[in-house]
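As a plain string of letters, each chain reads:
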Amino acid sequence: MRTPLTTASGTFGYGTEYAAALDYSCLGAVTVKGIRMSPWPGNGMPRHAEVPGGLVNAIGLQGPGIDDFLAYHLPHYVDVVGSDLPMIVNIWGGSIDEYAAVAARLSDAGAPVAAIEVNVSCPNVKAGGHTFGHDPAVLAQVVKAVRAATALPLIVKLAPNVPDIVPYVRACEDGGADAIALINTIPAMVIDIERRRPVLANRTGGLSGRAVHPVAVKLVHDAYRATTLPILGMGGVYEAADAIELMLAGATAIAVGTATFTDPATAERVLGGIVEYCTRHGFSSACELTGALDG
Amino acid sequence: MGAFLENTRIVRHADAGPGYRTLVLEAPRLSAALSPGQFVHVRVPGLEASALRRPFSVFFAGEGRVELLYKVVGRGTAALATAAEGDTVDVLGPLGHGFPETCRGTPLLVGGGYGVAPLHFLAARMVQSSPAAHPILFLGGRTRDDLLALDRFAALGVEVRLATNDGSAGSKGFVTDPLDDALIEHRSKGMPFELFTCGPDGLLKAVAQRAVGTGMPGWISMDRHMVCGVGACFACIQRVKGPDGRPFNARCCVNGPVFAANDIIWDS
Ligand SMILES: Cc1cc2nc3c(=O)[nH]c(=O)nc-3n(C[C@H](O)[C@H](O)[C@H](O)COP(=O)(O)OP(=O)(O)OC[C@H]3O[C@@H](n4cnc5c(N)ncnc54)[C@H](O)[C@@H]3O)c2cc1C
Ligand SMILES: Cc1cc2nc3c(=O)[nH]c(=O)nc-3n(C[C@H](O)[C@H](O)[C@H](O)COP(=O)(O)O)c2cc1C
Ligand code: FES
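These numbers come from a predicted model, not from an experiment.

1. Overview of the overall build of chain B
Moving on, step 1. Helix and strand counts for chain B come out as six helices and 16 strands.
Moving on, step 2. In terms of overall size, chain B behaves like a compact globule, its C-alpha atoms giving a radius of gyration of 18 Å where 268 residues would be expected to give roughly 18 Å.
Moving on, step 3. Along the longest, intermediate and shortest principal axes, the C-alpha atoms of chain B span 55 × 45 × 35 Å.
Moving on, step 4. Every one of the 268 residues in chain B was classed for burial, and the buried ones make up 56%.
Moving on, step 5. The contacts in chain B between residues at least 6 apart in sequence include a share of 63% that link residues at least 24 apart.

2. So, the sheet that holds strand 4 (residues 54-57) of chain B
Residues and elements named next belong to chain B.
Moving on, step 1. As summarised here, the arrangement of the seven strands in space is 4-3-7-1-2-6-5, forming an open sheet in which the pairing is antiparallel. Edge positions in the sheet fall to strand 4 and strand 5 (60-62), since each has one partner strand and no second. When the angles between neighbouring strand axes are averaged without regard to direction, this sheet yields 35°.
Moving on, step 2. Strand direction decides the pairing type here: strand 2 (residues 20-26) and strand 6 (residues 65-71), joined by seven bridges, are antiparallel. Bridged to tyrosine 20 within strand 6 is lysine 71.
Moving on, step 3. Along the sheet, helix 3 (residues 116-129) makes contact with strand 4, strand 5 and strand 6, crossing strand 5 at roughly 40°.

3. Re the pattern of salt bridges
A pair can form between side chains of opposite charge whenever their charged atoms are brought close.
Moving on, step 1. Following the criterion strictly, the structure yields 23 salt bridges over all chains and no others.
Moving on, step 2. With a shortest N-O distance of 3.7 Å, Glu50(A) and Arg75(B) are connected by a salt bridge. Separated into two different chains, Glu50(A) in strand 3 (residues 48-51) and Arg75(B) in helix 2 (residues 75-81) make up a pair that spans both.
Moving on, step 3. Residue classification places Arg75(B) among the partly exposed residues on the basis of a relative accessible area of 49%.
Moving on, step 4. Among the ionic pairs, Asp192(A) bridges to Arg195(A), the shortest N-O distance being 3.6 Å.
Moving on, step 5. By sharing partners, the salt bridges in this structure join Arg210(A), Glu239(A), Asp263(A), Arg269(A), Arg43(B), Arg53(B) and Asp90(B) into a single network.

4. As for the pairing of strand 8 (residues 106-112) of chain B
Residues and elements named next belong to chain B.
Moving on, step 1. For strand 8, a buried count of seven out of seven residues is recorded, marking the element as mostly surrounded by other parts of the structure.
Moving on, step 2. In strand 8, alternate side chains face the same way, and those of Thr106, Leu108, Val110 and Gly112 on one face and Pro107, Leu109 and Gly111 on the other are all buried.
Moving on, step 3. Here six bridges tie strand 8 to strand 12 (residues 193-198), and the two strands are oriented parallel to one another. If you follow proline 107 over to strand 12, its bridge partner there is glutamate 194.
Moving on, step 4. Of the pairings in the sheet, the one linking strand 8 to strand 9 (residues 136-141) comprises five bridges and is parallel in character. Note that in strand 9 the partner of glycine 112 across the bridge is glycine 140.
Moving on, step 5. As for the winding sense of the linkage, the β-α-β connection from strand 8 through helix 3 to strand 9 is right-handed.

5. Remarks on the environment of Glu50(A)
Moving on, step 1. Judged by relative accessible area, Glu50(A) falls into the partly exposed class, the value being 25%.
Moving on, step 2. Taking C-alpha positions, Glu50(A) is 9.2 Å from Val190(A), a pair spaced 140 residues apart along the chain.
Moving on, step 3. The contacts of Glu50(A), once residues within four sequence positions are left out, are Ala51(B), Leu52(B), Arg54(B) and Arg75(B).
Moving on, step 4. Polar contacts involving the side chain of Glu50(A) include one to the side chain of Arg54(B), which spans 2.8 Å.

6. Here we look at the site of ligand 2
Residue and element names in this part refer to chain A.
Moving on, step 1. What surrounds ligand 2 is a group of 23 residues, the closest being Ser9, Lys157, Ile183, Gly236 and Thr258.
Moving on, step 2. Asparagine 90 is positioned such that a nitrogen or oxygen atom in its side chain is 2.9 Å from an oxygen atom of ligand 2.
Moving on, step 3. Between an oxygen atom of ligand 2 and a side-chain N or O atom of lysine 157, the distance comes to 2.7 Å.
Moving on, step 4. Looking at the shell around ligand 2, its residues break down into six nonpolar, 15 polar and two charged.

7. Quick notes on the site of ligand 1
Moving on, step 1. Near ligand 1, the surroundings consist of 22 residues, among which Arg54(B), Pro55(B), Gly76(B), Thr77(B) and Asp223(B) are the closest.
Moving on, step 2. Chain contributions to the surroundings of ligand 1 come from chains A and B.
Moving on, step 3. In this structure, an oxygen atom belonging to ligand 1 sits 3.5 Å away from a side-chain N or O atom of His48(A).
Moving on, step 4. Here a nitrogen atom of ligand 1 and a side-chain polar atom of Asp223(B) are 2.7 Å apart.
Moving on, step 5. Surface burial for ligand 1 is 86%, taken as the share of its 830 Å² of free accessible area covered by protein chains.
Moving on, step 6. Those elements that place two or more of their residues in the shell around ligand 1 are strand 3 of chain A together with strand 4, strand 6 and helix 2 of chain B.
Moving on, step 7. When residues in the shell around ligand 1 are grouped by element, the largest group, four residues, is from strand 4 of chain B.
Moving on, step 8. Of the residues belonging to the shell around ligand 1, the class tally is 10 nonpolar, six polar and six charged.
Moving on, step 9. There are two domains that each give the shell around ligand 1 at least three residues, and those are domain 1 (4-95) and domain 3 (222-268) of chain B.

8. Concerning the domain arrangement of chain B
All names here are of chain B.
Moving on, step 1. What the domain assignment lists for chain B is domain 1 (4-95), domain 2 (106-218) and domain 3 (222-268).
Moving on, step 2. Using only C-alpha atoms to locate each centre, domain 1 and domain 2 end up separated by 24 Å.
Moving on, step 3. Counting residues at the interface gives 15 residues for domain 1 and 16 residues for domain 2.
Moving on, step 4. Counting the surface lost from both domain 1 and domain 2, the interface buries some 1,400 Å², and carbon and sulfur atoms represent 67% of this.
Moving on, step 5. The three residues of domain 1 that bury the most area against domain 2 are Tyr20, Pro36 and Phe59, which together make up 41% of that side's buried surface.
Moving on, step 6. At the surface where domain 1 touches domain 2, the tally comes to one salt bridge.
Moving on, step 7. The partner of glutamate 67 in a salt bridge is arginine 152, and the shortest N-O contact between them spans 2.9 Å.
Moving on, step 8. Of all the elements in the fold, those that place two or more residues in the side of domain 1 that touches domain 2 are strand 5 and strand 6.
Moving on, step 9. When residues of the side of domain 1 that touches domain 2 are assigned to their parent elements, the largest contribution, three residues, is made by strand 6.
Moving on, step 10. Among the residues forming the side of domain 1 that touches domain 2, the class breakdown is 10 nonpolar, three polar and two charged.

9. Re the nonpolar core
Moving on, step 1. Counting residues in each nonpolar core, the largest one holds 133 residues, and the members touching the most others are Leu27(A), Tyr99(A), Leu158(A) and Ile274(A).
Moving on, step 2. In terms of residue count, helix 6 (residues 240-249) of chain A provides more of this core than any other element does, seven residues in total.
Moving on, step 3. Those residues in contact with Tyr99(A) that sit more than four places away from it in its chain are Ile91(A), Trp92(A), Gly93(A), Val118(A), Asn119(A), Val120(A), Cys122(A), Phe132(A), Val142(A) and Val146(A).
Moving on, step 4. Judged by nonpolar contacts, the second largest core, of 28 residues, contains Ala27(B), Ala51(B), Tyr70(B) and Leu80(B).

Cut-offs applied
Residues numbered from 1 in each chain as written. Chains lettered and ligands numbered in written order. Predicted model: local features only at pLDDT ≥ 70, side-chain atom pairs only at ≥ 80, totals over all residues. Heavy atoms only, no water. Helix = DSSP H or I, 4+ residues; strand = E, 2+ residues; numbered from the N terminus. Rg over C-alpha atoms; globule rule 2.2 N^0.38 Å. Buried < 20%, exposed > 50% of the residue type's maximum accessible area, 1.4 Å probe, protein only. Contact = heavy atoms within 4.5 Å. Pairing = 2+ DSSP bridges. Axes fitted to C-alpha atoms, helices over the stretch in contact; angles between N-to-C directions. Salt bridge = Lys/Arg side-chain N within 4 Å of Asp/Glu carboxyl O. Right-handed = clockwise from strand over helix to strand, strands pointing away. Polar contact = N/O pair within 3.5 Å; in protein donor to acceptor, adjacent residues only side chain to side chain. Near = heavy atom within 4 Å. Nonpolar A, V, L, I, M, F, W, Y, C, P; charged D, E, K, R; others polar. Areas by Shrake-Rupley, 256 points an atom, 1.4 Å probe, with all protein chains shown as cover. Domains from an automatic or database assignment. Buried area = accessible area lost by both parts, 1.4 Å probe. Core = buried A, V, L, I, M, F, W, Y, C linked by side-chain atoms within 4.5 Å.

As structure tokens, this is what we get:
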């Protein structure tokens, strides 16, 4: 990656939507919205609620399915952005086989598809709706299946709502992951007290934005101490300081998510601030920030 | 054109009726790029730190300026209302798929509340581009206080027909009453028309039904809660018929906000 920054899946569409609002040269890669085999309609409306310090969303992983993604969204990305800026494709599925099948289809896509990010925070239909990411044994099976289906670099994106992240990190290592991403959104709920109803049609959703940042720092820190796998850190990155904090905790690269909705040029500001910080503190490159905690 | 950020400056910010404000921004790039029915996404001054942007239709764009007409309804619009002349406002646009540029027959514009905003920009463009167009505006509200921008439509020479629930201006009842009279008149004389509407969902649905029922084109501007405004997050869904006739969850911010009446699938 030419810079340590990417976009958080689901906050940057299929990579082209912000082309005139952000100077993409600040990005090392673009991570696109989660894709599964077939088109998926997502949840009912309303799908979001603004809360102090962030956003609760229940989009429900609406997406076009892998066929349309390859036939339309990928070529459109090449037209608008080019093939030089690597694309990380976020994938999900309702079964382990589906994960593997999507990964296999992406393996043949060629540039700019450069890596796969596996979202394991979606319900496992066969296991009564429990998410794949909440059982280390199932998680390892998913990672193994995807690993067997593709030679592309594999980033496994973990859920934050577990008592201890280490067994999940181990499962990623055992399954053959090349990197881990932390954090996905945190389960949350918002109630309209006047109507005495949940605000979201799905009743519950996932919290992102400023409020989740300290949670992300802690989990990246815990994971860094447990593994040598590189960590893609995300969660509430609005300013350079937020990104630097995640890097000091152990992240190698950073994704900007919810902040983009408020300021599409967030990544530009964040990169500028990282460079300034490195100069001020005598680091010759941002790579040196990873895990550089003094104490 | 893709949406870009413009750092605009407030040149005027004034009351436009009880609870309503007009905001005039110096925005040379946006003013040249916007077309009627499109919207802009405003980063609210004072809430920059983390609040989401707020979407507003374009009330007028031209001569280097972009005008918005908004109602104070919550935290974002209340904060926006306190912004002062000379302040800067970060605006993302142009956004969305607006009204068609051409119209066969009489343009019948139907608005409710702040929904009149995009209809004003549309009327201004129509009057400017084809002086023979003669759009008619049907405007409804609960009381006369909800009937906005009447002076601006008068300045454009647009005929206006009003209705209020309490009868304080125009006919007493719903705006669909004077609209239905006009539809009967047009149909009895065999005169073509197209319907353009923006306002509360109930009004949109009523106008869409009339477009579908009369077999004439109807253009419906939907107001859905938004997050990104550019098509990146899938927060702003409206169920519509796709080009292949099959239903799909369209994103109001890019596939709309203006949809053809025929395509909208209303919640039962
Ligand atoms: C395409 C489009 C054009 C619009 N044009 C105008 C206009 O010209 N004039 C005008 O006064 N208003 C317009 N609106 C509605 C306006 O965006 C909302 O009234 C405003 O966002 C409310 O913000 P708030 O913080 O004051 O209210 P709050 O209720 O406190 O907002 C809380 C949250 O809900 C969202 N939200 C609340 N109501 C709406 C709504 N009706 N639509 C979308 N998001 C909403 C906000 O973005 C925010 O995330 C438009 C909306 C859309 C989608
Ligand atoms: C609207 C929205 C949609 C998201 N969609 C996905 C998704 O499809 N797949 C995924 O792995 N994560 C998804 N996420 C999670 C983000 O990628 C990210 O992990 C999380 O929001 C934390 O980062 P942030 O606080 O910077 O947004 C989504 C987040 C938001 C706000
Ligand atoms: S508001 Fe994000 S897709 Fe429409």
